[in-house]
Structures are given as structure tokens and as C-alpha cells.
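# Examining the three-dimensional arrangement
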2 protein chains.
Amino acid sequence: MKENQCKIVDCTIRDGGLVNNWDFSVEFVQKLYAGLNEAGVDYMEIGYKNSPKLLKGADEAGPWRFLNDDFLKKVIPNKGNTKLSALVDIGRVDENDILPRSESLLDLIRVACYVKDVDKALKLVQTFHDRGYETTINIMALSNVMEHELLEAFDMIKNSVVDVVYIVDSYGSLDYKDMELLVNKFKQHLPNKRLGVHTHNNLQLAFSNTLVAADLGVELLDASVYGMGRAAGNCPTELLVTHLKNTNYQLRPVLEVLEQLLVPLREKEEWGYLIPYMITGSLDEHPRSAMALRAAEDKDKSVDFYDKLTTPEVGFDKNK
Amino acid sequence: MKENQCKIVDCTIRDGGLVNNWDFSVEFVQKLYAGLNEAGVDYMEIGYKNSPKLLKGADEAGPWRFLNDDFLKKVIPNKGNTKLSALVDIGRVDENDILPRSESLLDLIRVACYVKDVDKALKLVQTFHDRGYETTINIMALSNVMEHELLEAFDMIKNSVVDVVYIVDSYGSLDYKDMELLVNKFKQHLPNKRLGVHTHNNLQLAFSNTLVAADLGVELLDASVYGMGRAAGNCPTELLVTHLKNTNYQLRPVLEVLEQLLVPLREKEEWGYLIPYMITGSLDEHPRSAMALRAAEDKDKSVDFYDKLTTPEVGFDKNK
């Protein structure tokens, strides 16, 4: 049996931070890192490397929203085998904040972008690559991208230095056939690039779609413990750890993290399969309207919500 | 585009009754039936047709545990297009309780059995068939069945009168590759039988596995609204209704049922993806130990639970 080529990228702090405004204690993050490291998880995405100067509401967010390298060294004084990753958004990162990799605990910097910004993303990627980091480009909202846009993006990407190209199911609307189609398309047009996948659980397909992608050769698999992530959340780390074949992952340390950190947190914060998120997923649109509903008084009025989204003259401004 | 051949069998009352001891009010069941009928769902499994004489603890269960034909006529005075189904277990059904179909509201009687009891199940099937009912045989715990046992069962089944043969993932341990393998095996050995599938959500794969089975030609798809069913629950009816292609299902009536009935019920009763159920699913065993844990004081101590299940000398008696 050949060794499984997959690598898990745990996004609990980064994507989960979208749930609780990155209000994780240092102790929480330290325990999570220790557990993931013991479990053999390959990467931990410990936050965003955006600049607070370039974002509104920065004062209210936890420190994982704007990672600082000195702070990070205090949080993780003894780094293990689990590498550290940070995400940046186009237009929200100050390149002057990015130290050379030799002076940072970060190993991987990932750039999230919509397909129209692939050129800008690749400029950032080049900068991070030149400073020594592993890099990825994460193309969001692929279910809403037209074929010719994607082909133009592939043309730019295949000649770039980026290490890994991500398929991102931002709206949690893809099923296994969609995922097969996308992975095969990416493989065909980007034969020189490794691939990654990031899923959302609106239709309870995050884990399944990740398995399908992995079986087709996608290497970097995003996940989060107990699926903690924006809206319907992500592929659960514990399921990948226990189910991927021919790997050396250990489930027990992830169970400890679940029991001590994530299951109690789920009592206070909300994410996962909820009907409004199912509705936006099945309509193939951004969950922001569903998130607004869940924050409102009438959060369980999903029939009204569905009517608004599906009756054009009454509809929300979807801002798509 | 060809019409989708799939039929949804909603098991909310029958399998959901395993969660709340069938404590559904008549009004609840009536509203559910009306909603499923409006949504175009093909079958509603309204309970068990076992005999209270043959089961301990019968007094405490709701009426859906032991369906009575006269009672059923009061519950559903105006039957719509949605057919009614009941499940029976081997050794728990009194054949004298089964009226001719012309005198009953029931259309379909399904027989659940382990592979070793297929012969007994087929005798019951013959009786129900002779009384005019559609019939299925639901072979449970297929993930624990050896090849030669299954082949012997196929030999008996293919010469029987049963209409539909079910693949049942009792432990919620199958993934899409397992499901593909099983469906293809059933198709190969039972070319004259229609197939059905019943999944559990221990690994968040219930919906995905049901989609895979449907795409391979499996016709009867078990589901329940909000996934309500024993332990980790089932494939959610709302996801099939919204996602199956080339069908005439309507999501909105299911959303009404969700909002009025199932989402509020989930506040009081527990089912769905929870870590102890994930553990038994990943170990491919019956969830009874996890259900016992969830009923106990230390219900969130999943690390201890995992240690007990995976350390042979300390382990529970799994009764497998």
C-alpha cells in the first residue's frame, strides 16, 4: 500500500475566528496546537496575516485576526512538526509586515482571492515566495465562476511560482460530481501544480467532498476541529484524521481537543448545519443573509427567509 | 433529461421514534404527513407494525411503535399521494395483525433483518405480499457481513417475491467507495430486484452516500426531516428534496415542517453528529454504547469512551 500523500491544514483558529471574532485565548490556541501536533496534523492555520491598518473594526477582533510575529513566538515557544500557516486577503495585507521566513514561525502563507483578482494574488504570492514561504492561492466561490474566467486564471497561475492551488467551495453548494469535475479540470490545466481543497458544510457534504478530492490526488485538505468555521462550518478535522487511509494520524489527541475545547465552545458559539445555511447552500449563494438571520430575533423563521431569497421582487440585495 | 427514478421514504416517525420512544402527538404526525404530501415525498413510514404482545416495555411507547389500522384511519382521514409504510422486525410481528391491504391505509410493509434471518424475513414478505402490500427486505449492518453470507442471502432473495432490497448502513460507517461497491454487488446478484438505501450520519456521510446510491440506480431513498433518527440520525429529507435532479419535489413544505416541528423538537431531544457516535461509526460498530454514554452524567467524556472501546481488556461488552 502506498503512503497517502494528503496533508491536513487545520483552520480552526482562522476560519473558526469568523464565528467568534477570533476571541480565542492564548491557552486555547496553545492546547489546540499541542493536540494537532500530537495527532500528526501537518499544518495549523493560526490566523490571518492582514494589517489592522487596512481593515475596519480591527480593535474589536482577537489577535489571530492580525498575526504578529513576536506575539506568535510567545504563543508557540516550542514548535513541533506541525507547520504554521496564515491567510491573507487581497488589499488587506501590508507587505512590510511580512518578515523573511527565517525570522518568522510561519511556514506557509496562503492568499485568498476571487477569480478576478488572481493577478493581484499572484503578485503577493511572488513576494511571499521570495521571502522563503510556501505559498498557496485559494480561489473562492468557484461555483459562481464562468469557464472562460477560470481558463484565464489558469494561464496566469501555471506560469507563477505558487506551490499549491486551492479549490474553495465558499458557498457549500458543491456535491461529489461537481468536485470531481473541478478537480479534474484543475489537474488538466495545472499539471505542474499541487492542489488543495477547502469545503463548507451547508449541505452536509464537506467531509464527503474532501474525501473525493483526496482520492483524486488533491494534497492539501482544509479542515477544522468539530467543523468550526463560518456559517455551516468546514470539513471536521476529526473525520479526516480517523478516516483517511494509509496515514499516521492519531485520533485520540483530536478527541482531547474536542472534549476540552471545541465541544464546550459549541455550547456558546454557533456554527454547523442549520436550515438557513442549508438554504443558501442549495441556492448556491454566499451565507451572509443566513448569518444575518441567525443573529436576529427571528432566527428560526426559515420559511420567510426562503421566500425572501426565492421571490425576486421581495429579495434581499444579495451583493453577489 | 430523463425523469429521476428515485422515491423518498421519509422515516421521521419510525426511526425518529427511536429517539423519543415514539412520543409524537397525533397533530405532529398529521402536520408531518400533510407537509410531506405537499412536498411530493413518495412514502411516509409512520411507524412499526410490531405487536405489543411480543415486546417488552410496550406500555411506555407511543402508538407509532405498534400501529393499529383503525387508529391510523383517524390520524390520516384524507390520504394524499404520499403512500404509507410500516416496518416490522423478525419475531416481533404477529401476522394476524396484518389486514389485507384493501382494508388498511398502509401500502408498503418493510421487513428489517440481519443477514442470518433473511429466510425468516422472506417468509414474512411472502405473507405481506399475498395480502396485497408492496414489500421490502432491509438487510441491516451490512458493513459486518461476510461475503459468503451475503451471497447465500442473494440466492434466497432473487427467487422471492420481495419488490425492493435495501442496503442498510446501520453503523454509519460506510463511505462513498463502500457504497459504490455494495450497490454494484447488489445490482450484479439481484438484477431482477429494485434497490433501496438507508444510511446513518455518524461520519456526516448519510446524504452523500444516499446521493451516490441514487446515481447508481438505487430507487428507494430513506431519509428523515432534519435527519431525526437513532443516534447520529439519517439522511435529511430536506437535502434530498432540494438537491435531487429532475424531480418534482418542493422544498418549501419541508421547511414549514422543519420550522414548526423538527427544529423545536431538536431543542428537547438529541440526535445527529456527536462525537461518541462518530467514534462508534469510525470503529464500525453499533452505536448502543454511545447512546448509553449520551444518556449518562459524563456524556461528553469522549476520550474515556474511546479508550474503553479501543482497549480490549477494558472494553465494553459490545454484543456484536
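Residues numbered from 1 in each chain as written. Chains lettered and ligands numbered in written order. Predicted model: local features only at pLDDT ≥ 70, side-chain atom pairs only at ≥ 80, totals over all residues. Heavy atoms only, no water.

## Here's the deal with the overall build of chain A
Regarding its fold elements, chain A presents 12 helices and 8 strands. Taken over C-alpha atoms, the radius of gyration comes to 19 Å for chain A, in line with the 20 Å a tight globule of 320 residues would show. For chain A, the proportion of its 320 residues judged to be buried stands at 59%. Of all intrachain contacts in chain A linking residues separated by at least 6 positions in sequence, the fraction that spans at least 24 positions is 75%. As displayed, chain A offers around 12800 Å² of accessible surface, 46% of which is attributable to carbon and sulfur atoms. Taking the average place of the 37 positive charges on the side chains of chain A and the average place of its 49 negative ones, the gap between the two points comes to 2 Å. (Helix = DSSP H or I, 4+ residues; strand = E, 2+ residues; numbered from the N terminus. Rg over C-alpha atoms; globule rule 2.2 N^0.38 Å. Buried < 20%, exposed > 50% of the residue type's maximum accessible area, 1.4 Å probe, protein only. Contact = heavy atoms within 4.5 Å. Areas by Shrake-Rupley, 256 points an atom, 1.4 Å probe, with all protein chains shown as cover. Lys, Arg positive; Asp, Glu negative; His and termini not counted. Charge placed at Lys NZ, Arg CZ, Asp CG, Glu CD.)

## Considering the sheet that holds strand β4 (residues 108-113) of chain B
All names here are of chain B. Read once around its circumference, the closed barrel built from 8 strands follows the order β1-β2-β3-β4-β5-β6-β7-β8, with strand pairing classed as parallel. Ignoring which end each strand starts from, the neighbouring axes of this sheet average 25 degrees apart. Strand direction decides the pairing type here: β4 and strand β5 (residues 134-139), joined by 6 bridges, are parallel. Along β5, the bridge assignment pairs Val111 with Ile137. On the sheet, helix α2 (residues 26-39) packs against β1 (7-10), β2 (43-48) and β3 (83-89) and is oriented at approximately 155 degrees with respect to β2. (Pairing = 2+ DSSP bridges. Axes fitted to C-alpha atoms, helices over the stretch in contact; angles between N-to-C directions.)

## Focus: the packing of helix α9 (residues 252-268) of chain A against helix α12 (residues 302-310) of chain B
Where α9 of chain A contacts α12 of chain B, the axes come no closer than 8 Å and their chain directions differ by 150 degrees. When the interaxial angle is binned, α9 of chain A and α12 of chain B end up roughly antiparallel. When α9 of chain A is examined against α12 of chain B, the residues Arg252, Leu255, Glu256 and Glu259 of chain A are found in contact with a partner set consisting of Ser302, Val303, Tyr306 and Asp307 of chain B. A class-by-class count of the residues in the contact of α9 of chain A with α12 of chain B yields 3 nonpolar, 1 polar and 4 charged. (Parallel < 35°, antiparallel > 145°, perpendicular 65-115°, else oblique. Nonpolar A, V, L, I, M, F, W, Y, C, P; charged D, E, K, R; others polar.)

## Comments concerning the interface of chain B and chain A
Each partner contributes to the interface: chain B provides 38 residues, whereas chain A provides 39 residues. At the boundary of chain B with chain A, total buried surface from both sides reaches about 3500 Å², with 62% on carbon and sulfur atoms. Here chain B and chain A share 4 salt bridges between them. The tally of links from chain B across to chain A stands at 18 residue pairs in polar contact (both at pLDDT 80 or more). Contributing elements (two or more residues each) for the side of chain B that touches chain A: α6 (176-189), α7 (206-215), α8 (237-243), α9 (251-268), α10 (275-282) and α12 of chain B. For the side of chain B that touches chain A, the leading source of residues is α9 of chain B, giving 7 residues. In the side of chain B that touches chain A, the residues fall into 20 nonpolar, 7 polar and 11 charged. (Buried area = accessible area lost by both parts, 1.4 Å probe. Salt bridge = Lys/Arg side-chain N within 4 Å of Asp/Glu carboxyl O. Polar contact = N/O pair within 3.5 Å; in protein donor to acceptor, adjacent residues only side chain to side chain.)

## With respect to the packing of aromatic side chains
Following the criterion strictly, the structure yields 12 aromatic pairs over all chains and no others. Between Tyr226 of chain A and Tyr273 of chain B the ring centres are 6.3 Å apart and the planes differ by 40 degrees, which places this aromatic pair in the tilted class. Of the two residues, Tyr226 of chain A is situated in the loop between β8 (220-223) and α8 (237-243) and Tyr273 of chain B in the loop between α9 and α10; the pairing between them involves two chains. Exposure remark for Tyr226 of chain A: the relative accessible area of 13% places this residue in the buried category. Between Trp22 of chain B and Tyr48 of chain B, the aromatic rings sit 5.8 Å apart at their centres with planes inclined by 80 degrees, giving edge-to-face as the arrangement. A residue pair is termed long-range when its members are at least 10 positions apart, and Trp22 of chain B in the loop between α1 (12-20) and α2 and Tyr48 of chain B in strand β2 qualify at 26 residues. Take Tyr48 of chain B: its relative accessible area is 5%, and that puts it in the buried class. (Phe/Tyr/Trp six-rings, centres within 6.5 Å; stacked < 30°, edge-to-face > 60°.)

## Thoughts on the relation of the copies chain B and chain A
Superposing chain B onto chain A takes a rotation of 180 degrees combined with a translation of 0.0 Å along the rotation axis, leaving an RMSD of 0.0 Å. Read as a symmetry element, the transformation amounts to a two-fold axis. The fraction of interface residues of chain B whose copies in chain A are also interface residues reaches 100%, indicating that both copies meet through the same surface. (Least-squares fit on C-alpha atoms with pLDDT ≥ 70 in both.)

## Some details on the nonpolar core
Across soluble globular proteins, you tend to see nonpolar side chains buried next to one another. Judged by nonpolar contacts, the single largest core of 229 residues is most densely connected at Ile46, Phe186 and Leu262 of chain A together with Ile46, Phe186 and Leu262 of chain B. The element best represented in this core is α9 of chain B, accounting for 9 residues. Dropping the residues within four chain positions of it, Leu262 of chain A is found in contact with Thr12, Phe28, Val225, Tyr226, Met228, Val257 and Trp271 of chain A. Counting residues in hydrophobic clusters, the runner-up holds 8 residues, among them Val9, Tyr43, Leu108 and Leu220 of chain B. (Core = buried A, V, L, I, M, F, W, Y, C linked by side-chain atoms within 4.5 Å.)

## Structural notes on helix α1 (residues 12-20) of chain A
All names here are of chain A. Counting buried positions over the 9 residues of α1 gives 8, a clear majority of the element. Turning to α1, its buried residues number three or more, namely Thr12, Ile13, Arg14, Asp15, Gly16, Gly17, Val19 and Asn20. Of the residues flanking the end of α1, it is Asn21, one or two places downstream, whose phi is positive at about 55 degrees.

## A short note on the domain arrangement of chain A
All names here are of chain A. In terms of domain boundaries, chain A breaks down into domain 1 (7-268) and domain 2 (275-310). A straight line from the C-alpha centre of domain 1 to that of domain 2 covers 25 Å. The partner domain 2 presents 10 residues to the 10 residues of domain 1 that form the contact. With both chains or domains summed, domain 1 and domain 2 bury close to 860 Å², and 61% of this area falls on carbon and sulfur atoms. Run the count over domain 1 and domain 2 and you get 0 salt bridges. Across the domain 1-domain 2 interface, the total number found is 4 residue pairs in polar contact (both at pLDDT 80 or more). Looking at the side of domain 1 that touches domain 2, its residues break down into 4 nonpolar, 5 polar and 1 charged. (Domains from an automatic or database assignment.)

## Some remarks on the UniProt feature "domain: Pyruvate carboxyltransferase" (unreviewed entry) in chain A
Those places that UniProt annotates as "domain: Pyruvate carboxyltransferase" (unreviewed entry) correspond, in this numbering, to residues 6-259 of chain A. With 37% helix and 17% strand, residues 6-259 of chain A has its two end C-alpha atoms placed 26 Å apart. (UniProt positions renumbered as here; feature names shortened; annotations may be inferred.)

## A closer look at the pairing of strand β4 (residues 108-113) of chain A
All names here are of chain A. Most of β4 sits inside the fold, with 6 of its 6 residues counted as buried. Every second residue of β4 is oriented toward a common face, with Leu108, Arg110 and Ala112 on one face and Ile109, Val111 and Cys113 on the other, all of them buried. Relative to β4, strand β3 (residues 83-89) runs parallel, the two sharing 5 bridges. By the bridge assignment for β4, Leu87 is matched with Arg110. Chirality of the crossover, the property in question, places the unit of β4, helix α4 (residues 118-130) and strand β5 (residues 134-139) among those that are right-handed. (Right-handed = clockwise from strand over helix to strand, strands pointing away.)

## Considerations on the pairing of β2 of chain B
Residues and elements named next belong to chain B. Of all 6 residues that make up β2, 6 are buried, and the element is covered over most of its length. Of the strand pairs in this sheet, β1 and β2 are connected by 2 bridges, and their pairing is parallel. Its bridge partner being in β2, Val9 is matched across the sheet by Tyr43.

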